[in-house]
Amino acid sequence: MGVHEVLMCWNIKLQLLAFLLVYQNSAFLLMLCCCSFFIICFYFTSCPFLAQQLTPIIPVLGGALFLFVLGTLLRTSFSDPGVLPRATPDEAADLERQIDVANGTKGYRPPPRTKEVVINGQTVKLKYCFTCKIFRPPRASHCSLCDNCVERFDHHCPWVGNCVGRRNYRFFYMFILSLSFLTIFIFAFVITHIILSSYQKGFLTALKESPVVVCFFSVWSIVGLSGFHTYLISSNQTTNEDIKGSWSSKRGKDNYNPYSSGNIFTNCCVALCGPLPPSLIDRRGFIEADAPQMAPPTNGITMYGATQSQQSHMCDQDQCIQSTKFVLQAATTPLLQQHSSEPVIITSSPENGTSLPARASLTLGGPCSSLPLGQPTPPTSTPSLSCHEATDMLPIHGHALNHTHPLQEQAALHHYLTPEEVPSPPGMLHCGSPLGHSHTVQTSFYNPASQDSLHEDSVRGLVKLSSV
Amino acid sequence: MAETHSLQDLQQPAVSSKVFVQRDYSSGTICKFQTKFPSELESRMDKQQFEETMQTLNNLYAEAEKLGGKSYLEGCLACLTAYTIFLCMETHYEKVLKKIAKYIKDQNEKIYAPRGLLLTDPIERGLRVVEITIFEDRNIGSGR
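Residues numbered from 1 in each chain as written. Chains lettered and ligands numbered in written order. Predicted model: local features only at pLDDT ≥ 70, side-chain atom pairs only at ≥ 80, totals over all residues. Heavy atoms only, no water.

This part covers the overall build of chain B. Each helix and strand in chain B was counted, giving three helices and three strands. When the helices and strands of chain B are read in sequence order from the N terminus, they spell out β-α-α-α-β-β. A total of 144 residues make up chain B; the buried ones form 47% of that total. In chain B, the share of contacts with a sequence separation of at least 24, taken over all contacts with a separation of at least 6, comes to 59%. Surface accessibility of chain B: about 7,600 Å² in total, with carbon and sulfur atoms responsible for 52%. (Helix = DSSP H or I, 4+ residues; strand = E, 2+ residues; numbered from the N terminus. Buried < 20%, exposed > 50% of the residue type's maximum accessible area, 1.4 Å probe, protein only. Contact = heavy atoms within 4.5 Å. Areas by Shrake-Rupley, 256 points an atom, 1.4 Å probe, with all protein chains shown as cover.)

Have a look at this one:
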């Protein structure tokens, strides 16, 4: 389960707070602060002068533009970019079986799995994602920062704090376009201010009063980025494809972009005005925290089917809780508190058998005894954590062992990353256990020594945040 | 009294196996499923019916993702209203998804459930696969 699934399942206040504080989206916060700083600077320095000398429409227009920029930025940051939910265990097992049959190999890890498909006359390779256990659709890519496969993956933008993919590309484009208009607007009027006031005060004095230098650099970088994305849209390419040169003619004479319609106008329309598909992860049937009863079966399915969907709903909810706990823990606790406590085994449920061969151990007890916890239970069941009313005493399964993203975020490199090139983000786990992208080795994820403090603080974090 | 093959008849069946029909990417990134008849279903149903179901599903998804005047208009209108219009109305895609859900329910009731099969709506699997659950055939002598 990735970042987005965690965010989608709690109430909005918790989501926002988690996003802003927990994932340490410092670049995103910086972006917000910078934009606000510039507009405030502009308002205080140049606007009074310009409003008097020229027209009061200038600050109004500036304000409107700024609000638009903010709106698109928030929309880009908080919308689902087109995350592909992970395969269910049954699907994964079925795929594995098919691949084994095709490869003729069993046992040891087989070579990277690819499938070739011909699209519009071009041969495209579909890669198998080991984390999500699916064959990625064309143009999809796995983002190591968000730990999700994203459809039509463009890039992970640290300034926006989110991946840019199929569902939010248009918002991202509108954001950078409006931001370039805003920066050009501010720059132009700051220059005007300098020129006009230099008649009265002299050039150097006027220059000192205006934030012109900073404006200058930001104008060129933002305008450049907008220009680049305009080119990408008109040729129907993603940043990812452009960087890799997938459709470049340098690769071969017959290499062309099979997704482009050939017409610039059509490409633009498709990218910006095409239908917006709904989010695939909203549909996983997350139940609200305060309604622990099972979601009603769909399609009039049989009792068995109902049970099955109930189980998967429960599992999703548990995954959600578990992931959020760790996410909060990552923000609120310094790890590496060495306690020795009695270990409790949390097992993977039978559904997740293929991905969790090892058992991880969690320690509960010791400092946690002040909290109303369930007793450590025998290996076949899981302890129930009735720590907080929002969790509603739902049992925790071991599914979240798969998910490394909350701690990845801490040390995530904030720059444009082509996906797949960072299989294991460096320095992720503070508890000192190395963690690769491989989901099969999970024992290292839980450091028994730090689990009790982890648990206690994550609970405190939950309680604190839910009161916001 | 005629015996109706309602779903309530299938009380607590056991799942024998699951068949997954994967996506067909030969037409690009649009949502399309393979229409090839899986061998596991050979004993249970007609190849013709299965292909018809898959073809109809593919057509419905194509309708959802269709690029035309209507979808562009909707996109532009949404942009102008800062996407607040979607608080009041559904997107075209969502409307078609509802249609698909209804179609699958229909198909399940009429064709698949009487044969001990169950089609799962692909949207519940993230549009990755069409999952067909095969239940154990307990009513061997019921003359279906």
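Structure's up, so let's keep going.
Per the counting criterion, the structure on display carries nine aromatic pairs over all chains. For the ring pair Tyr83(B) and Phe86(B), a centre distance of 6.2 Å and an interplane angle of 40° mean the geometry is tilted. Taking relative accessible area as the criterion, Tyr83(B) reaches 10% and is therefore assigned buried. Through pairs of rings, three or more aromatic residues link up here, namely Tyr128(A), Phe130(A) and Phe135(A). Directly above the aromatic system of Phe135(A) lies the positively charged group of Lys115(A), at a separation of 4.6 Å from the ring centroid. (Phe/Tyr/Trp six-rings, centres within 6.5 Å; stacked < 30°, edge-to-face > 60°. Lys NZ or Arg CZ within 6 Å of the ring centre and 35° of its normal.)

What follows deals with the confidence of the model for chain B. Residues and elements named next belong to chain B. A residue-level look at chain B finds 87% of positions with pLDDT of 70 or above and a mean pLDDT of 84. For chain B, the element scoring lowest by mean pLDDT is helix α2 (residues 69–80), at 85; helix α1 (residues 47–64) scores highest, at 93. Taken as a whole, residues 140–144 scores under 50 in pLDDT and shows four contacts with residues more than four places along the chain or in a different chain. Predicted complex, confidence summary: ipTM 0.83, pTM 0.66. (pLDDT = per-residue confidence, 0-100.)

With that settled, the discussion passes to the sheet that holds strand β3 (residues 122–129) of chain A. Spatially, β2-β3-β4 (chain A) is the arrangement adopted by the three strands of the open sheet, whose pairing is antiparallel. Bordering the open sheet on either side are β2 (114–119) and β4 (134–135) of chain A, each of which pairs with just one other strand. (Pairing = 2+ DSSP bridges.)

Below, the discussion takes up the packing of helix α3 (residues 26–53) of chain A against helix α4 (residues 57–78) of chain A. The packing of two helices is summarised by the inter-axis angle and the distance between the axes. Residue and element names in this part refer to chain A. Orientation of α3 relative to α4, taken along the N-to-C sense of each, is 175°, at an axis distance of 10 Å. Between α3 and α4, the angle falls in the class roughly antiparallel. On α4, the residues touching Phe28, Met31, Leu32, Cys35, Ser36, Ile39, Phe42, Tyr43, Cys47, Leu50 and Ala51 of α3 are Ile58, Pro59, Val60, Gly62, Gly63, Phe66, Leu70, Leu73, Leu74, Ser77 and Phe78. Here the residues of the contact of α3 with α4 are counted per class, giving 18 nonpolar, four polar and no charged. (Axes fitted to C-alpha atoms, helices over the stretch in contact; angles between N-to-C directions. Parallel < 35°, antiparallel > 145°, perpendicular 65-115°, else oblique. Nonpolar A, V, L, I, M, F, W, Y, C, P; charged D, E, K, R; others polar.)

The next thing to look at is the sheet that holds strand β3 (residues 129–135) of chain B. Residues and elements named next belong to chain B. Read from one edge of the open sheet, three strands run β1-β3-β2, paired in antiparallel fashion. Edge positions in the sheet fall to β1 (15–22) and β2 (117–120), since each of these pairs with one other strand and no more. Averaged over all pairs of adjacent strands, the angle between their axes in this sheet comes to 20°, without regard to strand direction. Taken together, the seven bridges between β1 and β3 define a ladder with antiparallel strand orientation. Considered in β3, the bridge of valine 15 is made with phenylalanine 135.

To continue, consider the nonpolar core. By size, the foremost hydrophobic cluster in this structure holds 36 residues, and its most contacted members are Leu41(B), Met45(B), Phe50(B), Ile100(B) and Ile132(B). The biggest single contributor to this core is helix α3 (residues 92–112) of chain B, with eight residues. Excluding residues that lie within four positions of it along the chain, Phe50(B) makes contacts with Val21(B), Thr35(B), Lys36(B), Phe37(B), Pro38(B), Leu41(B), Met45(B), Tyr112(B) and Ile132(B). Listed in part, the 31 residues of the second largest apolar core include Cys157(A), Val160(A), Val190(A) and Ile233(A). (Core = buried A, V, L, I, M, F, W, Y, C linked by side-chain atoms within 4.5 Å.)

Bringing the interface of chain A and chain B into the picture now. With 43 residues of chain A in contact, the opposing surface of chain B contributes 43 residues. Summing both sides of the interface, chain A and chain B together bury roughly 3,600 Å²; the carbon and sulfur share of this comes to 64%. Along the contact surface separating chain A from chain B lie three salt bridges. The shortest N-O distance in the salt bridge between Lys18(B) and Asp90(A) comes to 2.8 Å. Remark: the boundary between chain A and chain B carries four residue pairs in polar contact (both at pLDDT 80 or more). Elements supplying a minimum of two residues to the side of chain A that touches chain B: α5 (89–103), β2, β4, α6 (169–201), α10 (264–273) and α11 (303–332) of chain A. Per-class residue counts for the side of chain A that touches chain B are 25 nonpolar, nine polar and nine charged. (Buried area = accessible area lost by both parts, 1.4 Å probe. Salt bridge = Lys/Arg side-chain N within 4 Å of Asp/Glu carboxyl O. Polar contact = N/O pair within 3.5 Å; in protein donor to acceptor, adjacent residues only side chain to side chain.)

Take the UniProt feature "transmembrane region" (unreviewed entry) in chain A next. Residues and elements named next belong to chain A. In this structure's numbering, the residues bearing the UniProt feature "transmembrane region" (unreviewed entry) are residues 20–45, 57–78, 171–199 and 211–232. From the first C-alpha to the last, residues 57–78 spans 31 Å; its make-up is 100% helix and 0% strand. Across residues 171–199, helical content stands at 100% and strand content at 0%; the span's end C-alpha atoms are separated by 42 Å. (UniProt positions renumbered as here; feature names shortened; annotations may be inferred.)

This part takes up the pattern of salt bridges. Across all of its chains, the model carries 14 salt bridges over all chains by this definition. Residue Asp80(A) is joined to Arg167(A) by a salt bridge in which the shortest nitrogen-to-oxygen separation is 3.9 Å. Linking Asp80(A) in the loop between α4 and β1 (83–84) with Arg167(A) in the loop between β8 (162–164) and α6, this pair joins segments that are 87 residues apart in sequence. Exposure class is identical for Asp80(A) and Arg167(A). Each is buried. The closest approach of N and O atoms between Lys98(B) and Glu90(B), which form a salt bridge, is 2.6 Å. Take Lys98(B): its relative accessible area is 54%, and that puts it in the exposed class. Exposure remark for Glu90(B): the relative accessible area of 27% places this residue in the partly exposed category. The network of salt bridges with shared partners includes Asp90(A), Lys18(B), Arg125(B) and Glu131(B).

All right, on to α3(A) then. Residues and elements named next belong to chain A. Here α3 is 28 residues long and its end C-alpha atoms lie 39 Å apart, about the 40 Å a rise of 1.5 Å per residue gives. Along α3, the helix axis deviates most sharply at serine 46, where the bend reaches about 50°; the proline proline 48 sits within four residues downstream. For α3, every residue scored as buried is listed here: Ala27, Phe28, Met31, Cys35, Phe38, Ile39, Cys41, Phe42, Ser46, Cys47, Phe49 and Leu50. (Expected span 1.5 Å × (residues − 1). Bend = angle between axes of the 7 residues up to and from the residue.)

Our next topic: the side chain of Asn162(A). Secondary-structure assignment places Asn162(A) in strand β8. Within the structure, the side chain of Asn162(A) is placed 2.9 Å from the backbone oxygen of Ser79(A), a separation counted as a polar contact.

Let's shift gears to α6(A). With 33 residues, α6(A) should reach 48 Å at 1.5 Å per residue; the first-to-last C-alpha distance of 46 Å fits that figure. A positive phi of about 105° marks Gly202(A), the residue just after α6(A).

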